Amino acid sequence: MKKRIIKIITGLVVVLIIIDIVASFYFYDLAINRGPKDFLQGNKDLEVSAETMNVLLEGGWREWVENQEFEHLEMTSRDGLTLQGYFLKAKKPSNVVVVAAHGYLGRGSDMGLFGQYYYEALGYNFFTADARGHGRSEGDYIGFGWQDRLDYLDWINLLVDKLGPDTEIILHGLSMGAATVLMTSGEELPPNVKVIIADSPYTSVQDLFSYQIKRMFHLPPFPFIHTTSLVTKAKAGYSFTEASALKQVKKTTIPILYITGDADTFVPKEMAHKLYENTNSKAKIVTFHGANHGESFVMDKEKYIKVLNDFLQENMN
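For clarity, every value in this text was computed on a predicted model and none was experimentally measured.

Rules used in this analysis
Residues numbered from 1 in each chain as written. Predicted model: local features only at pLDDT ≥ 70, side-chain atom pairs only at ≥ 80, totals over all residues. Heavy atoms only, no water. Axes fitted to C-alpha atoms, helices over the stretch in contact; angles between N-to-C directions. Helix = DSSP H or I, 4+ residues; strand = E, 2+ residues; numbered from the N terminus. Parallel < 35°, antiparallel > 145°, perpendicular 65-115°, else oblique. Left-handed = near helix turned anticlockwise from the far one by under 90°. Contact = heavy atoms within 4.5 Å. Nonpolar A, V, L, I, M, F, W, Y, C, P; charged D, E, K, R; others polar. Salt bridge = Lys/Arg side-chain N within 4 Å of Asp/Glu carboxyl O. Buried < 20%, exposed > 50% of the residue type's maximum accessible area, 1.4 Å probe, protein only. Right-handed = clockwise from strand over helix to strand, strands pointing away. Pairing = 2+ DSSP bridges. 1 Å grid on protein atoms, 1.4 Å probe; cavity = no way out; pocket = protein on both sides within 12 Å on 5 of 7 lines; lining within 4 Å. Points joined across faces, edges and corners; volume = space filled by probe spheres on them. Expected span 1.5 Å × (residues − 1).

(A) Summary view of the packing of helix 7 (residues 205-217) against helix 8 (residues 221-236). Two elements in contact, helix 7 and helix 8, have axes separated by 10 Å at closest approach and are oriented at 135 degrees. Classified by the angle their axes make, helix 7 and helix 8 are oblique. Regarding helix 7 and helix 8, the two cross each other, and that crossing is right-handed. Contacts from Gln206, Phe209, Ser210, Ile213 and Lys214 in helix 7 reach Pro221, Phe224, Ile225 and His226 in helix 8. Partitioning the contact of helix 7 with helix 8 into residue classes produces 5 nonpolar, 3 polar and 1 charged.

The following block contains the structure:
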């Protein structure tokens, strides 16, 4: 009888291990592997107002992007990927360049939403890139900011070489792009990088996926997130725990402006607040009432611009 019980338990353990392994590869393909992400369609956590959706999809800023003559820049990443960047020279000479990082499944041109203001109103140079695994850049996986942080460090150095040693750089990221610039902030950056704008960031990939697997799939993070992290380490070269913006901001010296919405259910505002509370450098956080994920600029553009300008005036030379 005892042997039979042991055999049954052993069999159940084996079955659970197999289920976990299969699920891990499923979640890797679902979230990390490059390709369409059908699970985001109809996701209530990403619902925004009709007015916001109209601006995001058909706003005049998209026509503005199409009408600009971006200079096409190309770079080879440290692991051999060909990455694509796009530079827009200011109308009048300026030593300031905004380096903009887009969100999950986006592309560099999406950051024209902010680029139009930086370029037209402030007169800055503007640069954006397709992250690895996105747009026209190579890569068969999504780095969620961790592998990308080194790509952005290399883009920064390329721009300084291109524009000169007096170049002043603003890093502005949205969602995954916000996590990317925060992860970049903990690296040895050149003194040219003056400020960082992080709009709707997450603390780490581990935290983000743990939150989402509970919310979207009603599953516990353990063991699924941990084994999916192992698969990601083997296939994409990074683990969820090491991909941490929180660890990076604890050692940064760059002033950071955090922006979050109190109605964000995709990346909860608590993550932005935790980042703010653990930032080593000068930091400020502003919460936009009623804003869902990445929606603050569209919902209250006047307030967003004022907050942005005040922070730049306080921290730019």
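(B) Here's a closer look at the pattern of salt bridges. Counted by the stated rule, this structure contains 10 salt bridges. Close ionic contact of Asp79 with Arg132 constitutes a salt bridge, the shortest N to O distance being 2.9 Å. Within this pair, whereas Asp79 is found in the loop between strand 1 (71-76) and strand 2 (82-88), its partner Arg132 is found in the loop between strand 4 (125-130) and helix 5 (146-163), the two being separated by 53 residues in sequence. A residue is classified by how much of its surface remains accessible, and Asp79, at 45% relative accessible area, is partly exposed. Since its relative accessible area comes to 3%, Arg132 is described here as buried. Between Glu120 and Lys91 there is a salt bridge; the shortest N-O distance is 2.6 Å. Here Lys91 lies in the loop between strand 2 and strand 3 (96-101) and Glu120 lies in helix 4 (residues 112-120), a separation of 29 residues in the sequence. Overall, Lys91 belongs to the exposed group, its relative accessible area being 61%.

(C) Examining the pairing of strand 6 (residues 193-199) more closely. Counting buried positions along strand 6 yields 7 of 7 residues, so the element is predominantly enclosed. The β-α-β motif built from strand 5 (residues 168-174), the intervening helix 6 (residues 176-185) and the parallel element strand 6 has right-handed crossover chirality. Pairing between strand 6 and strand 7 (residues 256-261): 4 bridges, direction parallel. The residue of strand 7 that forms the bridge with Ile197 is Leu257.

(D) Looking closely at the layout of surface pockets. In this structure, the second largest pocket spans a volume of roughly 150 Å³. In terms of lining residues, the second largest pocket is bounded by Val65, Phe70, Tyr86, Arg107, Gly108, Ser109, Thr128, Asp130 and Arg136. Partitioning the lining of the second largest pocket into residue classes produces 3 nonpolar, 3 polar and 3 charged.

(E) Local environment of helix 12 (residues 301-315). Between its first and last C-alpha atoms helix 12 spans 21 Å; for 15 residues at 1.5 Å apiece the expected length is 21 Å, and the two agree. All of the buried residues along helix 12 are Tyr304, Ile305, Val307, Leu308, Asn309, Phe311, Leu312 and Asn315. Tucked inside the fold, the buried residues of helix 12 contact helix 4, strand 5, strand 6, strand 7, strand 8 (283-288) and helix 11 (296-299).

(F) A look at unusual backbone geometry. Geometrically, the link from Phe222 to Pro223 is a cis peptide bond, its omega value of 10 degrees lying close to zero. As for its placement among the helices and strands, Pro223 is situated in helix 8. Positive phi, normally seen in glycine, also occurs at His218, with a value near 55 degrees.

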